[in-house]
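A look at the structure
Here are the chains, one letter per residue:
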Amino acid sequence: MSIKRIARHLVQHHWRAKQIFPRTVLERIEQAIERGEASHSGQIRFVVEGALDGGPLFRNQPARERALDVFSHLRIWDTAHNNGVLIYLLLADRDVEIIADRGIDAKVGAEGWETICQAMEADFRSGQFERGVIAGIEAVSRELARHFPPGGPHPNELPDAPVVM
């Protein structure tokens, strides 16, 4: 466990997420998810967590493992076509993880998701958080549209509103 990581998480606590993602930005992210989901039958969730605390922090939980927990907790795996996708941002680590259900993950694969994550992280490094998130949502939507085009009316199985933890 790194003392630097603990300090970073304690200093950049949850207030940072609310500062970078005010209500107006969260609304634009929600609209991007809605637009994207109109082009495919998949489901996208965006979650930003300012920092880890308590058990996850002191167990030195990696961002990927935390994203898997969030994916499960939000039941993103529970979609009709196994095509739910979580875009998870852990601000204190400046780490983006994409967790995808088995239906879409089998089509895109780890390399495809990592390419999207790296592009988002590049925007984040230059302070362009909103642009990075929306570009990531658009990239995930393109993958979903290619592999899971809308086959007529499809219900919105998961909320489109971003989650700030």
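Rules behind the numbers
- Residue positions are given per chain, counting from 1 as you read along its sequence in written order.
- For this predicted model, a pLDDT threshold of at least 70 governs which residues receive local features, and a threshold of 80 or more governs which side-chain atom pairs are given and counted, while totals over whole chains, interfaces and linings are taken from all residues.
- Side-chain numbers come from the whole structure's heavy atoms, not from hydrogens or water.
- By definition, two strands form a pair when at least two bridges between them are found by DSSP.
- A helix here means a DSSP run of H or I that spans at least four residues, while a strand means a run of E at least two residues long, and both kinds are numbered starting from the N terminus.
- Two residues qualify as a contact provided that any one of their heavy atoms is within 4.5 Å of a heavy atom in the partner residue.
- Orientation is described by lines fitted to C-alpha atoms, with helices fitted over the stretch in contact, and by angles between N-to-C directions that extend from 0 to 180 degrees.
- Accessible area is worked out with a 1.4 Å probe on protein chains only. A residue is then buried under 20% of its type maximum, exposed over 50%, and partly exposed in between.
- Roughly parallel covers angles under 35 degrees, roughly antiparallel covers those over 145, roughly perpendicular covers 65 to 115, and oblique covers all other angles.
- Crossing handedness: left-handed means the near helix sits turned counterclockwise from the far one by under a right angle, and right-handed means the same turn made clockwise.
- Side-chain classes follow a simple rule in which Ala, Val, Leu, Ile, Met, Phe, Trp, Tyr, Cys and Pro form the nonpolar group, Asp, Glu, Lys and Arg form the charged group, and the remainder, Gly included, forms the polar group.
- By convention in these notes, a salt bridge is any Lys or Arg side-chain nitrogen within 4 Å of a carboxyl oxygen on Asp or Glu.
- Working definition of a nonpolar core: buried Ala, Val, Leu, Ile, Met, Phe, Trp, Tyr and Cys residues. They are joined through side-chain atoms within 4.5 Å.

A word on the sheet that holds strand β3 (residues 95-100)
- Pairing in this open sheet of four strands is mixed, and the strands run β3-β2-β1-β4 from one edge to the other. Either end of the sheet is taken by a strand with one partner, and the two such strands are β3 and β4 (163-164).
- Here strand β1 (residues 43-49) pairs with strand β2 (residues 84-90) via seven bridges, running parallel. Of the residues in β2, the one forming a bridge with Arg-45 is Leu-86.
- Against the sheet, helix α3 (residues 23-37) engages β1 and β4, with an angle of about 160° to β1.
- Where helix α6 (residues 102-125) meets the sheet, its contacts fall on β2 and β3, and the angle it forms with β3 comes to roughly 165°.

Observations concerning the pairing of β1
- Across the seven residues that make up β1, a large majority, seven, are buried.
- By the alternation rule, side chains of β1 split into Gln-43, Arg-45, Val-47 and Glu-49 and Ile-44, Phe-46 and Val-48, which are all buried.
- Judged from the two bridges that link them, β1 and β4 form a sheet pairing that is parallel. Bridging from a neighbouring strand, Val-48 pairs with Val-164 of β4.

As for the packing of α6 against helix α7 (residues 129-147)
- For the pair α6 and α7, interaxial distance at closest approach is 9 Å and the crossing angle is 165°. In terms of their interaxial angle, α6 and α7 are classed as roughly antiparallel. When the axes of α6 and α7 are compared, the crossing they make is right-handed. Contacts between α6 and α7 involve Ile-104, Lys-107, Val-108, Trp-113, Ile-116, Met-120, Asp-123 and Phe-124 from the former and Phe-129, Arg-131, Gly-132, Val-133, Ala-135, Gly-136, Ala-139, Val-140, Glu-143, Leu-144 and His-147 from the latter.
- Residues of the contact of α6 with α7, tallied by class, amount to twelve nonpolar, three polar and four charged.

Digging into the pattern of salt bridges
- Under the criterion given, the structure shown has eight salt bridges.
- Note that Glu-49 and Arg-66 form a salt bridge whose closest N and O atoms lie 2.9 Å from each other. Here the residue Glu-49 occupies a position in strand β1, and Arg-66 occupies one in helix α5 (residues 63-73), the gap between them amounting to 17 residues. Side by side, Glu-49 and Arg-66 carry an identical accessibility label, which is buried.
- The closest approach of N and O atoms between Glu-97 and Arg-64, which form a salt bridge, is 3.1 Å. Of this pair, Glu-97 sits in strand β3 while Arg-64 sits in helix α5, placing them 33 residues apart in sequence.

A few points about the side chain of Glu-97
- For Glu-97, a relative accessible area of 11% translates into the label buried.
- Not counting residues within four places of it along the chain, the set of residues in contact with Glu-97 comprises Ala-63, Arg-64, Ala-67, Leu-86, Ile-87, Tyr-88 and Cys-117.

Observations regarding the nonpolar core
- Ranked by internal contacts, the top residues of the largest apolar core, which has 33 residues, are Phe-21, Ile-29, Phe-46, Ile-87, Leu-89, Trp-113 and Val-140.
- Going through the elements one at a time, α2 (15-20), α3, β1, β2, β3, α6 and α7 are the ones with two or more residues in this core.
- Once residues within four sequence positions are removed from consideration, Phe-21 is found in contact with Leu-26, Ile-29, Phe-46, Val-48, Leu-89, Phe-129 and Val-133.
- The next biggest cluster of nonpolar side chains, apart from the first, holds twelve residues, and it includes Val-47, Leu-52, Ala-67 and Leu-90.

Describing the pairing of β3
- Most of β3 sits inside the fold, with six of its six residues counted as buried.
- Neither face of β3 is left uncovered, since the one carrying Asp-95, Glu-97 and Ile-99 and the one carrying Val-96, Ile-98 and Ala-100 both have all their residues buried.
- With six bridges joining them, β2 and β3 adopt antiparallel strand pairing. Opposite Leu-86, over in β3, you have Ile-99 as the bridge partner.
- Taking the residues that link successive antiparallel strands as the turn, the β2-β3 hairpin has four residues, and the phi of Arg-94 there is positive, at about 50°.

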